[in-house]
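Residues per chain, in single letters:
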Amino acid sequence: MKITSLHAREVLDSRGNPTVEAEITIDSRFQASAIVPSGASTGEKEAVELRDGDLQRYKGKGVLQAVGHVNGEISYALLNKEIPDQAALDRILIELDGTPNKSRLGANAILAVSIAFAKAMALARGIPLYAQLETHDTYVMPVPCMNVINGGRHADNSIDFQEFMIAPHRAHSFREAIRMGIETFQTLKEILRKKGYVTAVGDEGGFAPNLSSNEEAIEIILEAIVKAGYAPGDDISICIDPATSELWEAGRYVLFKSMKGSLSRDELLDLWVNWVRQYPIVLLEDGMAENDWDGWKMLTQTLGNEVELVGDDIFCTNPSIFQKGIEQGIANSILIKLNQIGTVTETLQTIQLARQHHYKYFISHRSGETEDTTIADLAVATCAGHIKTGSGCRGERIAKFNRLLRIEEELGHRSRFAGKQAFIFS
Ligand SMILES: C=C(OP(=O)(O)O)C(=O)O
Ligand SMILES: [Mg+2]
């Protein structure tokens, strides 16, 4: 296989910020493109997203340097060379960059090329992207964990915690799960409207009302589940990502939006214990901050046998940081975001590590997304069992749901819906 053309350009993500799109042609015939997403509540150890910093363009957020690296150095290294597979391509990109965090060429430049190559290889082999990423006889369709109430950095409202998701797990298929989730989402909208709350949405498409407390977010979602005709816990459970690294300040958790006060790690732990025992919560992501490893250990020791504890900011999809976390008994699940690490190969390595150590892995979008649907294929390819990709009213999130609906139809009897088993304690 030879890359016969490679071109990048600056396009926009769902927040209207520039991002990198790369277009690759293999053997002059197979052309594919990929666009990288972008986070807002990013982990400190994520691979570096290169931004121009030129305040005259897009308030410093342009990505022309990263685009230039694809069109210049990266093209020069790749064009017309024999590249047998993804691992070989990603090795060249990593070595060319030469830094531990992809800060020279930019993880946005590198990942766009890495994903576009995977797609072009799939075309060249005449197989779907999910089969190119991992080939199995049968696949697992993921439970869509739909973020129906947004807070934290993803919405200008009164809620401290970033994501309140519903997981419609008691379904026979992905198609049915989506219907259950959307019915609940639309019922939630009616309830919010009747209570006089705004029904405008946050970055990931969940509603962003000014609720009176963080608990009210859970209570109102439970009300919507019941009103939509489903049983909380049996049919639809709740997942939360409070994104607590954003709250961590001088050794305390500052709830700056709701109570203008702060909690110690023991107090925050108490809050999670109460919530997990009181509500049908099956998954808690980033329940402690990335720089609070002691808090994470306490959280895992206390709740690690009751609920899926997902590490996002603390692991950054990075196999060596994750390895350390495993050794220290932190979490029982890892969030997977391709752009936190910057290549397809390293993402798959991290997933492999999770499998070896019996951790769950949860595939995720970013709060700044695009029409690129690679994560839908990644979730199916790796039989991850669950995916979070927003809610039911923003095109860049719906694009992933629609891709999953098409994959399920295409696979027919070669797929089964994950159901509640997707979560570590079902
Ligand atoms: C998706 C998330 O948000 P962001 O993309 O802003 O990091 C997250 O924190 O899990
Ligand atoms: Mg998170």
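Everything quoted here is computed from the prediction, not taken from an experiment.

Enquirer: An account of the pattern of salt bridges is needed here, citing residue identities and associated values.
Expert: If you walk through the whole model with that rule in mind, you get 27 salt bridges. Via salt bridges that share partners, E163, D241, E285 and K388 belong to a single interconnected network.

Enquirer: How would you explain the nonpolar core if you had to name every residue and give the values?
Expert: With 136 residues, the main nonpolar core has I149, F164, I221, W272 and W275 as its most contacted residues. Domain assignment of the residues forming this core places at least three in each of domain 1 (3-126) and domain 2 (139-422). Leaving out residues up to four positions away in the same chain, I221 has contacts with V148, I149, F164, I166, L188 and I238.

Enquirer: For the packing of aromatic side chains, give the residues involved together with the corresponding values.
Expert: Counted under the stated rule, the structure contains ten aromatic pairs. Relative to W272, the ring of F161 has its centre 5.1 Å away and its plane inclined at 50 degrees; by these criteria the two rings are tilted. Placement of the pair is F161 in the loop between strand 5 (143-150) and strand 6 (163-168) and W272 in helix 7 (residues 265-278), with a sequence separation of 111 residues. As far as the burial class goes, F161 and W272 line up, both buried. On the basis of an interplanar angle of 50 degrees and a centroid distance of 4.8 Å, the ring pair of W248 and Y253 is categorised as tilted.

Enquirer: So what about the domain arrangement of the protein? Which residues, and what values?
Expert: Many descriptions give the size of an interface as the accessible area lost when the pieces come together. When its domains are assigned, the protein resolves into domain 1 (3-126) and domain 2 (139-422). Put simply, the middle of domain 1 and the middle of domain 2, counted by C-alpha atoms, are 27 Å apart. Contacts between the two partners involve 32 residues from domain 1 and, on the opposite side, 30 residues from domain 2. Surface buried jointly by domain 1 and domain 2 totals about 2,400 Å² across both partners, of which 49% is contributed by carbon and sulfur atoms.

Enquirer: Go over the UniProt feature "active site" (unreviewed entry) in the protein, please, and point to the residues and values.
Expert: When the UniProt feature table is mapped onto this chain, "active site" (unreviewed entry) is found at E204 and K337. Within the secondary structure, E204 sits in the loop between helix 5 (174-194) and helix 6 (214-227). When its relative accessible area of 2% is taken as the criterion, E204 is described as buried. Discounting residues that sit within four places of it in the chain, E204 has contacts with N147, N150, H154, E163, H365, R366, S367, G390, S391, R394 and R397. Within the structure, E204 has its side chain in polar contact with the side chain of N147 (distance 2.7 Å). With respect to the helices and strands, the residue K337 is situated in the loop between strand 13 (333-336) and helix 10 (338-341). The exposure class assigned to K337 is buried, which follows from its relative accessible area of 5%. The residues touching K337, leaving out its near neighbours within four places in the chain, are D312, T317, S364, H365 and R366.

Conventions adopted
Residues numbered from 1 in each chain as written. Chains lettered and ligands numbered in written order. Predicted model: local features only at pLDDT ≥ 70, side-chain atom pairs only at ≥ 80, totals over all residues. Heavy atoms only, no water. Salt bridge = Lys/Arg side-chain N within 4 Å of Asp/Glu carboxyl O. Core = buried A, V, L, I, M, F, W, Y, C linked by side-chain atoms within 4.5 Å. Buried < 20%, exposed > 50% of the residue type's maximum accessible area, 1.4 Å probe, protein only. Domains from an automatic or database assignment. Contact = heavy atoms within 4.5 Å. Phe/Tyr/Trp six-rings, centres within 6.5 Å; stacked < 30°, edge-to-face > 60°. Helix = DSSP H or I, 4+ residues; strand = E, 2+ residues; numbered from the N terminus. Buried area = accessible area lost by both parts, 1.4 Å probe. UniProt positions renumbered as here; feature names shortened; annotations may be inferred. Polar contact = N/O pair within 3.5 Å; in protein donor to acceptor, adjacent residues only side chain to side chain.

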